[in-house]
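Observations on the three-dimensional arrangement
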Amino acid sequence: MSTVLKPISKETLIEQFHQIEQLGWIKNTTRKTNDGAAGNKLEDLLGIPENNLPIPNAAEWELKTQRDDTSSLLTLFHLEPSPQACKIVSNFLLPQYGWPHEKAGVRYPKNEMSFRATLSAKRYTRGFTIKINDKEKKVCIEFDGKNVLEIDREWLNEVEKRNGQIEKLEITPYWGYDDLFSKARTKLLNTFFVIFETRKDAGEMYFHYYKVLKLQNLSIQNFINAIRNGDINIDFDARTRHNHGTKFRINPHTISTLYETAEVVMDKPRLLP
């Protein structure tokens with residue numbers, strides 16, 4: 001039997017955030033070992049089974065949560081690079097530029113390879129970086145063997161044996177601006193971004209949700225600029241027998257810069273000193 005969600009206004013939702021904050025420390029009773037436990041618990045408190053909020057007379061709203069003391073990047077969405085039909089991560093980057101998996105021969109077969117890297121437009125990682133091509137409206141992944149550190153020289157020699165050269169990629173993975181914005185709009189057009197603190201007591205985790213930002217009208221130009229500035233990274237996580245997906249991830253402190261308007265609708269003191 002399906003459940004029909006009742007529509008809720010933005011104003012009512014903000015009132016609920018204030019009511020939840022007044023509860024103080026809230027015991028985690030959802031996915032105890034999952035990084036998304038705080039988000040799951042907040043959804044339970046709001047009475048919503050999914051994080052597309054049922055707000056009427058508006059485009060979809062997303063609910064995102066972030067712990068205040070973490071340095072972890074916030075995942076915005078998953079999107080594989082073009083040309084997608086080639087499955088370029090699994091069929092090209094991994095076999096041609098991968099390296100032995102750290103658990104090869106232990107958890108996985110001895111020949112297990114890994115291509116796990118967080119790339120930024122502001123630096124090179126194993127010779128890889130992000131380049132913005134405004135003329136062709138593309139975000140591209142580029143490789144230059146001259147920008148590989150000495151510690152990775154042995155791996156680079158193996159790459160040269162496989163490819164015959166280390167100057168550039170034979171195939172350039174890319175994301176067109178239109179494809180990026182289509183995906184981003186679907187997931188992030190309007191967002192309530194909730195910040196929380198945590199404490200542990202007798203082995204149990206507790207959350208306090210104390211700050212909320214209302215973010216409206218995602219800007220594709222701001223999104224591209226955030227990639228250009230290094231605020232948004234592209235995260236590859238593939239191994240020989242499984243691609244965990246390519247993620248676009250952001251420094252959570254800069255998420256408001258992606259939007260045309262950002263408003264703090266709740267900002268209460270932390271409970272921890």
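Everything discussed here concerns the structure shown above.
Basis of the calculations
- Residues numbered from 1 in each chain as written.
- Predicted model: local features only at pLDDT ≥ 70, side-chain atom pairs only at ≥ 80, totals over all residues.
- Heavy atoms only, no water.
- Helix = DSSP H or I, 4+ residues; strand = E, 2+ residues; numbered from the N terminus.
- Contact = heavy atoms within 4.5 Å.
- Areas by Shrake-Rupley, 256 points an atom, 1.4 Å probe, with all protein chains shown as cover.
- Lys, Arg positive; Asp, Glu negative; His and termini not counted.
- Charge placed at Lys NZ, Arg CZ, Asp CG, Glu CD.
- Buried < 20%, exposed > 50% of the residue type's maximum accessible area, 1.4 Å probe, protein only.

Notes on the overall build of the chain
A tally of regular secondary structure across the chain gives 6 helices and 15 strands. Each of the three principal axes of the chain carries a C-alpha extent, and together these read 60 × 50 × 45 Å. The long-range fraction of contacts in the chain, counting pairs at least 24 apart against all pairs at least 6 apart in sequence, stands at 67%. By element, 46% of the accessible surface of the chain is carried by carbon and sulfur atoms, the whole surface being about 14,900 Å². Computed over 39 positive and 36 negative side-chain charges, the inter-centroid distance for the chain is 2 Å.

Structural notes on unusual backbone geometry
P83 follows S82 through a cis peptide bond whose omega is 0°. Tracing the chain through its elements places P83 in the loop between β4 (74–78) and α3 (88–97). Unusually for a residue other than glycine, N217 sits at a positive phi of about 65°. Residue placement: N217 occurs in strand β11 (residues 204–218). Residue classification places N217 among the partly exposed residues on the basis of a relative accessible area of 35%.

Functional significance is not addressed by these values, which are geometric in nature.
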